[in-house]
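Observations on chain architecture
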Amino acid sequence: MTQDELKKAVGWSALQYVKPGMVVGVGTGSTAAHFIDALGSIKQQIVGAVSSSDASSAKLQALGIPLLDLNNIDVLDIYVDGADEINAHMQMIKGGGAALTREKIIAAVARKFICIVDASKQVDVLGNFPLPVEVIPMARSFVARELVKLGGAPEYRQGVLTDNGNIILDVRNLRIIDAIALEDKINSLPGVVTVGLFARRGANVALIGTAEGVKIIE
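A few points on the structure. (Residues numbered from 1 in each chain as written. Predicted model: local features only at pLDDT ≥ 70, side-chain atom pairs only at ≥ 80, totals over all residues. Heavy atoms only, no water.)

Observations concerning the overall build of the chain
Basically, it comes down to this: A run of DSSP states H or I qualifies as a helix once it reaches four residues; a run of E qualifies as a strand once it reaches two. Both are numbered from the N-terminal end. Using a 1.4 Å probe on the protein chains alone, a residue whose accessible area is under 20% of its type maximum counts as buried, one over 50% counts as exposed, and one in between counts as partly exposed. By definition, residues are in contact when any of their heavy atoms lie within 4.5 Å. Surface accessibility in these figures is a Shrake-Rupley result with a 1.4 Å probe; residues are shielded only by whichever protein chains are displayed.
Helix and strand counts for the chain stand at 6 helices and 13 strands. With the principal axes as the frame, the chain shows a C-alpha extent of 50 × 40 × 30 Å. Looking at the 218 residues of the chain, the share that counts as buried comes to 53%. Of the contacts formed within the chain by residues at least 6 apart in sequence, a portion of 72% connects residues at least 24 apart. A total accessible area of about 9,800 Å² is found for the chain, and carbon and sulfur atoms account for 51% of it.

Observations concerning the side chain of serine 56
Tracing the sequence through the fold places serine 56 in helix α3 (residues 54-62). Every residue in contact with serine 56, bar those within four places of it in the chain, is listed here: Gly27, Thr28, Ile36 and Ser51.

Observations concerning the side chain of threonine 210
Topologically, threonine 210 is positioned in strand β12 (residues 205-210). In this structure threonine 210 comes out as buried when scored by relative accessible area, which is 16%. In this view, threonine 210 contacts Met1, Leu6, Ala119 and Lys215; residues no more than four positions away in its chain are not counted.

Re the sheet that holds strand β13 (residues 213-217)
For clarity, the threshold we go by: For two strands to pair, DSSP has to find at least two bridges joining them. The axes used here are C-alpha line fits, helices contributing only the stretch in contact, and every angle between their N-to-C directions lies in the interval 0 to 180 degrees.
Strand order in the open sheet formed by 6 strands is β2-β1-β3-β6-β12-β13, and the pairing between neighbours is mixed. Both outer strands of the open sheet, β2 (48-51) and β13, are each paired with one neighbouring strand and no more. Between one strand axis and the next, the sheet turns through 20° on average, direction left out of account. One ladder, built from 5 bridges, connects β12 with β13; its direction is antiparallel.

With respect to the pairing of β12
Judged by how many residues are buried, β12 sits mostly within the fold: 6 of 6 residues are covered. In this sheet, β12 lies alongside strand β6 (residues 110-118) in parallel orientation, the contact comprising 5 bridges. Bridging across to β12, aspartate 118 finds its partner in glycine 209. In textbook terms, the turn of a hairpin is the stretch between consecutive antiparallel strands, and for β12 and β13 this stretch comprises 2 residues.

Focus: the sheet that holds strand β11 (residues 197-198)
Taken in spatial order, the 3 strands line up as β4-β5-β11 in an open sheet, and their pairing is antiparallel. Two strands lie at the open edges of the sheet, namely β4 (85-86) and β11, each paired on one side alone. Two elements, β4 and strand β5 (residues 92-93), share 2 bridges in a ladder whose sense is antiparallel. Within β5, the position partnered with isoleucine 86 by the bridge is methionine 92.

Structural notes on the packing of helix α2 (residues 30-40) against α3
How we decide: Our angle categories are set so that under 35 degrees counts as roughly parallel, over 145 as roughly antiparallel, 65 to 115 as roughly perpendicular, and the remainder as oblique. The crossing is said to be left-handed when, going from far helix to near helix, the turn is anticlockwise and less than a right angle, and right-handed when the turn is clockwise. Amino acid classes used here: Ala, Val, Leu, Ile, Met, Phe, Trp, Tyr, Cys and Pro are nonpolar; Asp, Glu, Lys and Arg are charged; the rest, including Gly, are polar.
At a minimum axis distance of 10 Å, the contact between α2 and α3 shows a crossing angle of 20°. Of the possible angle classes, the one that applies to α2 and α3 is roughly parallel. Taken as a pair, α2 and α3 cross one another with a handedness that is right-handed. In this structure, α2 contributes Ala33, Ile36, Asp37 and Leu39 to the contact, and α3 contributes Ser56, Lys59 and Leu60. A breakdown of the residues in the contact of α2 with α3 according to their chemical character gives 4 nonpolar, 1 polar and 2 charged.

Considerations on helix α1 (residues 3-13)
To be explicit about the condition: Here the arc refers to the set of directions running from the helix axis out to each C-beta atom.
Along α1, the residues that are buried comprise Leu6, Lys7, Val10, Gly11 and Ser13. The buried residues of α1 all sit within an arc of 165° when viewed along its axis, so they share a single face. Lining the buried residues of α1 we find α2, β6, β12 and β13.

By themselves these figures say nothing about function.
Rendered as structure tokens:
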């Protein structure tokens, strides 16, 4: 199977967690896009969706899935999204698509976070994928210097503005052993909106696309 076929398999597999009358949180990226396609096939059964990016919102609307404001919702039933890396502790690196802040907000509200990935995203130690950090533009140089002190090699993601109007620093050369401690440390830096470490709020379920089929980890 191609990587896209694996992504499609896990995207459609996530439908098993969608029940009638639910409000569904939806992530961003190529794997999440397959889940949105799947969600479109049962759109009459759900109340609607909360989206983590303008791109996902446009896709949901194009399929006729009602788009809801998170401010009007106390608790989300489920949040379905991909990841750039995931470890055995269900901790993730996210933000390759620059939607990490909204993704983290929706994940915090959701009762259950279902991570959908192909097997290439499974790692023993996080950090091979550059760690995205969303930063207020005026703080870019300061935050970059602080990230160097933490052992990273930050690189400004040229030409990219988040949906919130901020910039992204991608941090290389990290071997993340204590993901929660690093998440807290980077989030405490003035000017950081959020870091793409999903350690304090990891996934509850991981659907892994493999050549042998979709593997479920709970």
